[in-house]
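Secondary and tertiary structure notes
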Amino acid sequence: MRKTALLLFFLAWITSLDSLAQSQQGPYIRIMVSPSAPNMIYRTGEAITFDVAIYKFGQLVKDADIQYEVGPELMKPEINGQTVLKKGSGQIKGGQLSVPGFIRCKITYQEDGKTYQNTGTAGIDPESIEPTTSLPDDFSEFWKKGKEELGQIPLEPVLTHLPDRSTHLTDVYHVQFRNISGYIYGILSKPKKPGNYPAILHVPGAGIRPYYGANKDENVISLQIGIHGIPVNLYDSPIYQNLSAGALRDYNRIFLEDKDRYYYKRVYLGCVRAVDFIYSLSEFDGETLGVMGGSQGGALSIVTASLDDRIDFLVSYYPALSDLTGYLHGRAGGWPHLFKEEWTNQPAKVATSKYYDVANFARFIQVPGFYSWGFNDNVCPPTSMYAAYNVIPGDKTLSLYQDAAHWRYAEQSEEGHAWIMKKLGVE
């Protein structure tokens, strides 16, 4: 019996090691493609080139037959071609750009019936990129009215302790409080040790999902919210997948033709209401508050700091919803790419977008902010992000990880975390 148990344990151990090995394996073929300029940035009118190399088992693949496409990011390629890299590496000419923006080179290589691809993206005077969207004359008045309406609604917070998610240092709660319509739900983490603490509001990326809390066992209050008006602790429920595939599949387009009913109105005001909730906590120090997020959350960080002067600091990774009208001006627009297809380009929808475009909120940012993204992002194109970043008048720090796409390096996350914790005075 004991021998059988030991054998089963050994087999399970081997299986787990095999699974770990598979999860850590890298691509069989590695395509390296990068702008030749040391910082990956060129001037307008300057000739652009891309360095390309194909690796297998860490060695250059001689006589690698590649295809390439070059053009403005997320737009139709302007240069197409095929070449053989005799020594496994070489250069691709990327033309030039007469206006600030980004040029992307996509490399395709095939071997043994499999296709491998990678991209490299060059910035052309990116700090001179201007938004294509415009600021409505009543932009500030529109959001002032929305906040006044929100202020008439009682908070009515409900906190439910989650002992299975709490630790010896941190209490974790599922919370709910009223929004402009319906409720905001979230996960609150706060230190068990008595005292007053600074706080961080974590705003979510796109999608519909449960949440588990953040900043556990740190000397800071943390509120991680969902935006869809449903509880965020239904961990074993199919409700999130069902809503994603059904009623909320394209939530970012719901009522886009009406600025007073557009889906993101309750979302943006819900972030302000989350600040109200944090200020209601007796453990909050009453004055030190940051907001942070990535993608949709990066957008909401900027929006919240713009709408609510109680925010002191913000961290925004690759902010979405930036310069949405880019496609109407011949360049990439921000996620969710509302105007990429002609059938969506209705005047009423374009007009509504201007009240929700992050580039317009960015114009009013006065607090210190940490921003970070990569040039290869194909979800939130860097042209759109720079369009918002460049109009921010407040103190701003941009940390580029140029070859990153719509993800971030561990070091990138650590840098943003360290930045905001230092600002909050948390050791």
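Residues numbered from 1 in each chain as written. Predicted model: local features only at pLDDT ≥ 70, side-chain atom pairs only at ≥ 80, totals over all residues. Heavy atoms only, no water.

**Topic: helix H9 (residues 410-424)**
Given a rise of 1.5 Å per residue, 15 residues ought to cover 21 Å, and the 21 Å separating the end C-alpha atoms of H9 matches this to within 8%. Within H9, burial applies to Gln412, Gly416, Trp419, Ile420, Met421 and Leu424. In the core, the buried residues of H9 are packed alongside strand S13 (197-202), strand S15 (284-294), strand S16 (313-317), strand S17 (369-373) and strand S18 (396-400). (Helix = DSSP H or I, 4+ residues; strand = E, 2+ residues; numbered from the N terminus. Expected span 1.5 Å × (residues − 1). Buried < 20%, exposed > 50% of the residue type's maximum accessible area, 1.4 Å probe, protein only. Contact = heavy atoms within 4.5 Å.)

**Some words on the sheet that holds S16**
With mixed pairing, nine strands are arranged side by side in an open sheet as S10-S11-S12-S14-S13-S15-S16-S17-S18. Two strands bound the open sheet, and with one partner strand each, they are strand S10 (158-161) and S18. When the angles between neighbouring strand axes are averaged without regard to direction, this sheet yields 20°. The sheet strands contacting helix H8 (residues 382-389) are S17 and S18, and the helix crosses S18 at an angle near 160°. Together, S13, S15, S16, S17 and S18 form the strand contacts of H9, whose direction differs from that of S16 by roughly 170°. (Pairing = 2+ DSSP bridges. Axes fitted to C-alpha atoms, helices over the stretch in contact; angles between N-to-C directions.)

**Observations concerning empty space enclosed by the protein**
Summed over the entire model, instances satisfying the criterion amount to one cavity of 30 Å³ or more. A volume near 40 Å³ is recorded for the largest cavity. If you go around the largest cavity, the residues you meet are Ile208, Arg209, Tyr211, Gly226, Ile227, His228, Ile230, Val232 and Tyr240. Residue composition of the lining of the largest cavity, by class: six nonpolar, two polar and one charged. (1 Å grid on protein atoms, 1.4 Å probe; cavity = no way out; pocket = protein on both sides within 12 Å on 5 of 7 lines; lining within 4 Å. Points joined across faces, edges and corners; volume = space filled by probe spheres on them. Nonpolar A, V, L, I, M, F, W, Y, C, P; charged D, E, K, R; others polar.)

**Some details on helix H5 (residues 296-307)**
Given a rise of 1.5 Å per residue, twelve residues ought to cover 16 Å, and the 16 Å separating the end C-alpha atoms of H5 matches this to within 8%. Burial analysis of H5 places twelve of its twelve residues in the buried class, which makes it a mostly covered element.

**Observations regarding the packing of aromatic side chains**
Applying the stated criterion across every chain, the model contains 33 aromatic pairs. For the pair Phe142 and Trp143, a centre-to-centre distance of 5.1 Å together with 85° between the ring planes defines the contact as edge-to-face. On the basis of relative accessibility, which here comes to 8%, the residue Phe142 falls in the buried class. Put simply, the rings of Phe139, Phe142, Trp143, Tyr251, Tyr262, Tyr263, Tyr264, Tyr268, Tyr355, Tyr356, Phe361 and Phe364 pair up and form one aromatic cluster. One Lys or Arg, Arg165, reaches over the ring of Tyr235 and ends 5.4 Å from the middle of that ring. (Phe/Tyr/Trp six-rings, centres within 6.5 Å; stacked < 30°, edge-to-face > 60°. Lys NZ or Arg CZ within 6 Å of the ring centre and 35° of its normal.)

**Re a negative patch on the surface**
Together, Asp137, Asp138, Glu141, Glu148 and Glu149 make up a negatively charged patch on the protein surface. Mapped onto the elements of the fold, Asp137 is located in the loop between strand S9 (114-124) and helix H2 (139-151). Taking relative accessible area as the criterion, Asp137 reaches 87% and is therefore assigned exposed. (Patch = residues over 30% accessible without salt bridge, like charges linked within 9 Å, V, L, I, M, F, W, Y side chains within 5 Å. Areas by Shrake-Rupley, 256 points an atom, 1.4 Å probe, with all protein chains shown as cover. Salt bridge = Lys/Arg side-chain N within 4 Å of Asp/Glu carboxyl O. Lys, Arg positive; Asp, Glu negative; His and termini not counted. Charge placed at Lys NZ, Arg CZ, Asp CG, Glu CD.)

**Examining the pattern of salt bridges**
All told, the structure shown has eleven salt bridges when counted by the stated rule. Notably, a salt bridge pairs Glu111 with Lys56, separated by 2.8 Å at the nearest N-O pair. Of this pair, Glu111 sits in strand S8 (residues 101-111) while Lys56 sits in strand S3 (residues 49-56); the two residues are 55 residues apart in sequence, bridging distant segments of the chain. A relative accessible area of 11% means that Glu111 is categorised as buried. In this structure, Arg331 and Asp323 form a salt bridge, with 2.9 Å as the shortest nitrogen-oxygen distance. Of the two residues examined, Arg331 and Asp323, each falls in the buried class. Members of the salt-bridge network, linked through shared partners, are Arg273, Asp276, Asp308 and Arg310.

**Quick notes on the environment of Leu328**
Mapped onto the elements, Leu328 comes out in the loop between S16 and helix H6 (347-353). Residue contacts for Leu328: discarding those within four places in its chain leaves Phe339, Asn345 and Val350.

**Regarding unusual backbone geometry**
With an omega of 10°, the peptide bond between Trp335 and Pro336 qualifies as cis. Here Pro336 is to be found in the loop between S16 and H6. Notably, Phe57 is not glycine yet its phi reads approximately 55°, a positive angle. Inspection of the secondary structure assignment puts Phe57 in the loop between S3 and strand S4 (59-60).

**Observations concerning the packing of helix H4 (residues 263-280) against H5**
Remark: H4 packs on H5, axes separated minimally by 10 Å, with the N-to-C direction vectors making an angle of 65°. Seen along the crossing, H4 lies across H5 with a hand that is right-handed. Contacts from Tyr264, Val267, Tyr268, Cys271, Val272 and Val275 in H4 reach Gln296, Leu300, Val303, Thr304 and Leu307 in H5. Among the residues forming the contact of H4 with H5, the class breakdown is nine nonpolar, two polar and no charged. (Left-handed = near helix turned anticlockwise from the far one by under 90°.)

**Description of the pairing of S8**
The element S8 is extensively covered by neighbouring structure, given that nine of its eleven residues are classed as buried. Relative to S8, strand S5 (residues 64-72) is paired through seven bridges, and the arrangement is antiparallel. Among the inter-strand pairings, Gly71 is bridged to a residue of S8, identified as Arg104. Judged from the eleven bridges that link them, S8 and S9 form a sheet pairing that is antiparallel. Residue pairing across strands places Lys106 opposite Thr119, the latter belonging to S9. Between the end of S8 and the start of S9, which pair antiparallel, lie two residues, with Asp112 showing a positive phi angle near 55°.

The values reported here are purely geometric and, on their own, carry no functional implication.
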